[in-house]
Amino acid sequence: MTLKISVIGTGYLGATHATCMSNLGFEVIGVDVDPAKIESLSGGTIPFYEPRLQELLQTELKSGRLSFSTDFNSISDCDVHFICVGTPQVADGLAADLTYVFSALEAIAPVIKDGSLVVGKSTVPVGTAARLRAKLLEVNPNTDLAWNPEFLREGFAVEDTLNPNRLVVGVTSSKSEEILREVYARNLAAQIPWVVADLPTSELVKVAANAFLATKISFINAMAEICEAAGGDVTVLAKAIGYDPRIGSRFLQAGIGFGGGCLPKDIRAFMARAEELGAEQALEFLREIDSINLRARSRMIDLVRRDLSEDLRGKKIAVLGAAFKPDSDDVRDSPALDIAVQIQAAGAIVSVHDPKAIPNARARFPALNFAESIEACVTDAQLVLHLTEWKVYREIDPLKLIGLVKSPIIIDGRNALDRDLWRSAGWNFRALGRSEN
Ligand code: UDX
């Protein structure tokens, strides 16, 4: 008989996971304490932007396999329960806030049936899974808890969930592994690597992967600083070192650095947890990774000041991009928005454009000015900043734009625009980490 699956927490991760599990053929119920989210998802609308997800959600709702509810009792006959709630950074420190994970477990533990398996997917500090498992077994000793970290990237959430590059399962019994093998049978048949680990290792895999990715980005941004000081070009440097397969070319895009709901908070929570474990020295380098990352934002502002004779007051600056990365409307810890807000605070008249993230950006920073089109954004600008590398910005015809601005100066904060094209159209083109700044 096909497994029945519940997904607890229907935010970014949970909504995607529930929809994709239904697509794999399982009967799925997504549960959340937020009635607005449940109403929106039940009606076939995802409350955020993610390519492909909305269409897939509508297909799965029509199939009759997928439903959503605010009632935790509705999951009582499910065989597998995925916990997909958020673990944001605490307000008063670097650690992860585990309130939602523990309250999710407390809500489901009394209602789930004997023999069922709870599977954590949220990113948690190492040791959390064991604590959750102990709590669960206190309430219902005939259940078990496993860990199955999620590596999905925003913008590719559906693809990464349906075709992950690996599946990692932290288990304490072969029975739990068997259940997870059944859930992921289609991926296993497609030869997707299956890594079986203990609970702490499975929790660590996720934060180690994110720490590595953050390190790679900050490494290339550190090289960008050196290139600027020495008159080199970081884009050529990245290309050249990337040909070495031991290094690889991905995640070597220098610019204003990483943001979003994962990398920044995850490296900080990792450091906080290492300190609790008495192993803080091992992750001391992540402090530097964080600093290099934040410095990329100030280096961008330094470039802006250099171009506008230091005093930003009254200067009209157009900002292309508000999301923390393209193909997402997520503005959590967005380097682009952070820079926009800082230059506005320094007196500049800032206009921000983004193809998808304006509503979220406006909700967070209502005092910023937003433009509905690229043209409106850059009209009369004395400086244009390219801060999120959306495809529509890469496709801009610089010849068309030049007639709209007051001074044709652009700074590419993502090293994604074609410098030669912009220069030949008459623009004064600068970028982070490249000579001629
Ligand atoms: C990340 C991980 O990639 C994913 O595996 C994990 O599950 C969640 O965190 P995500 O937050 O969606 O995913 O974004 P990612 O694509 O990793 O980019 C993170 C940030 O790094 C973005 O702000 C992006 O602009 C920046 N970045 C990425 C760079 O500055 N340079 C690069 O070369 C790559």
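Residues numbered from 1 in each chain as written. Predicted model: local features only at pLDDT ≥ 70, side-chain atom pairs only at ≥ 80, totals over all residues. Heavy atoms only, no water.

## A few points about the overall build of the chain
Next, step 1: Assigned secondary structure in the chain consists of 18 helices and 14 strands.
Next, step 2: Taken against the 2.2 N^0.38 rule, which gives 22 Å for 437 residues, the C-alpha radius of gyration of the chain at 23 Å falls within 12% of a compact globule.
Next, step 3: Dimensions along the principal axes, computed over C-alpha positions, put the chain at roughly 70 × 50 × 40 Å.
Next, step 4: Across the 437 residues that make up the chain, the buried fraction comes to 54%.
Next, step 5: In the chain, once contacts between residues fewer than 6 apart in sequence are set aside, the share between residues at least 24 apart is 72%.
Next, step 6: Carbon together with sulfur atoms contributes 54% to the accessible area of the chain, which is approximately 18500 Å² in total.
Next, step 7: Computed over 46 positive and 56 negative side-chain charges, the inter-centroid distance for the chain is 4 Å. (Helix = DSSP H or I, 4+ residues; strand = E, 2+ residues; numbered from the N terminus. Rg over C-alpha atoms; globule rule 2.2 N^0.38 Å. Buried < 20%, exposed > 50% of the residue type's maximum accessible area, 1.4 Å probe, protein only. Contact = heavy atoms within 4.5 Å. Areas by Shrake-Rupley, 256 points an atom, 1.4 Å probe, with all protein chains shown as cover. Lys, Arg positive; Asp, Glu negative; His and termini not counted. Charge placed at Lys NZ, Arg CZ, Asp CG, Glu CD.)

## Here's the deal with the domain arrangement of the chain
Next, step 1: The domains assigned to the chain are domain 1 (4-197) and domain 2 (212-431).
Next, step 2: Taking only C-alpha atoms, the centre of domain 1 and the centre of domain 2 are 33 Å apart.
Next, step 3: If you look at the interface, domain 1 gives 16 residues, while domain 2 gives 18 residues.
Next, step 4: Buried surface at the junction of domain 1 and domain 2, both sides included, amounts to about 1400 Å², of which 56% is carbon and sulfur.
Next, step 5: Summed over the three residues of domain 1 that lose the most area to domain 2, namely Y49, L94 and E154, the buried surface amounts to 47% of that side.
Next, step 6: Where domain 1 packs against domain 2, one counts one salt bridge.
Next, step 7: Between R332 and E154 there is a salt bridge; the shortest N-O distance is 3.3 Å.
Next, step 8: The tally of links between domain 1 and domain 2 comes to eight residue pairs in polar contact (both at pLDDT 80 or more).
Next, step 9: Of the residues belonging to the side of domain 1 that touches domain 2, the class tally is nine nonpolar, five polar and two charged. (Domains from an automatic or database assignment. Buried area = accessible area lost by both parts, 1.4 Å probe. Salt bridge = Lys/Arg side-chain N within 4 Å of Asp/Glu carboxyl O. Polar contact = N/O pair within 3.5 Å; in protein donor to acceptor, adjacent residues only side chain to side chain. Nonpolar A, V, L, I, M, F, W, Y, C, P; charged D, E, K, R; others polar.)

## Side note on the site of the ligand
Next, step 1: Around the ligand, the structure places 20 residues, and the nearest of them are F151, E154, Q253, F324 and K325.
Next, step 2: L152 has a polar backbone atom sitting 2.9 Å from an oxygen atom of the ligand.
Next, step 3: One of the backbone N or O atoms of L252 is found 3.3 Å from an oxygen atom in the ligand.
Next, step 4: Protein chains bury 92% of the 670 Å² of accessible surface belonging to the ligand in isolation.
Next, step 5: If one sorts the elements of the shell around the ligand by residue count, helix α9 (residues 199-230) sits on top with four residues.
Next, step 6: Partitioned by chemical class, the residues of the shell around the ligand number ten nonpolar, four polar and six charged.
Next, step 7: Looking at which domains feed residues into the shell around the ligand, each of domain 1 (4-197) and domain 2 (212-431) gives three or more. (Near = heavy atom within 4 Å.)

## Observations regarding the nonpolar core
Next, step 1: Within the largest apolar cluster, 51 residues are counted, with the highest numbers of intra-cluster contacts made by V304, I343, V384 and L385.
Next, step 2: Ignoring sequence-local partners within four residues, the contact set of V384 consists of A318, L320, V378, V405, I409, I410, I411 and W427.
Next, step 3: Counting residues in each nonpolar core, the second largest holds 40 residues, with A15, L53, L57 and I179 among its members. (Core = buried A, V, L, I, M, F, W, Y, C linked by side-chain atoms within 4.5 Å.)

## Concerning unusual backbone geometry
Next, step 1: Unlike most non-glycine residues, Q191 shows phi in positive territory, near 65°.
Next, step 2: Take Q191: it is sitting in the loop between α8 (185-189) and β8 (194-197).
Next, step 3: Assessed through its relative accessible area of 66%, Q191 is described here as exposed.
Next, step 4: The phi dihedral of D380 falls on the positive side, at around 70°, and the residue is not glycine.
Next, step 5: Within the secondary structure layout, D380 lies in the loop between α15 (374-378) and β12 (383-386).
Next, step 6: Classification of D380 by relative accessible area gives partly exposed; the value is 43%.

## Section: the pairing of β12
Next, step 1: The two faces of β12 match: L383 and L385 on one face and V384 and H386 on the other face are all buried.
Next, step 2: Both strand β9 (residues 316-320) and β12 contribute to a ladder of four bridges, which runs parallel. The residue of β12 that forms the bridge with A318 is V384.
Next, step 3: Here β12 runs beside strand β13 (residues 409-412); their pairing, made up of three bridges, is parallel. (Pairing = 2+ DSSP bridges.)

## As for the packing of α9 against helix α10 (residues 234-242)
Next, step 1: Across the interface, α9 lies against α10 with an axial gap of 9 Å and an inter-helix angle of 135°. Considering their axes alone, α9 and α10 lie oblique with respect to each other. Two packed elements cross with a definite hand, and for α9 against α10 that hand is right-handed. Facing α9, whose interface residues are F219, I220, M223, A224 and C227, α10 presents V234, L237, A238 and I241.
Next, step 2: Tallied by class, residues from the contact of α9 with α10 come to nine nonpolar, no polar and no charged. (Axes fitted to C-alpha atoms, helices over the stretch in contact; angles between N-to-C directions. Parallel < 35°, antiparallel > 145°, perpendicular 65-115°, else oblique. Left-handed = near helix turned anticlockwise from the far one by under 90°.)

## Overview of the sheet that holds strand β14 (residues 428-431)
Next, step 1: Pairing is parallel in the open sheet, where six strands are placed in the order β11-β10-β9-β12-β13-β14. For this open sheet the edge positions go to β11 (369-370) and β14, each flanked by a neighbour on one side alone.
Next, step 2: Of the pairings in the sheet, the one linking β13 to β14 comprises four bridges and is parallel in character. The partner of D412 across the bridge, within β14, is A431.
Next, step 3: In the packing of helix α12 (residues 284-307) onto the sheet, contacts are made with β9, β12, β13 and β14, and the angle to β13 comes to roughly 165°.
Next, step 4: Its contacts with the sheet put helix α13 (residues 335-345) on β9, β10 (349-353), β11 and β12, and the angle it makes with β10 is roughly 160°.

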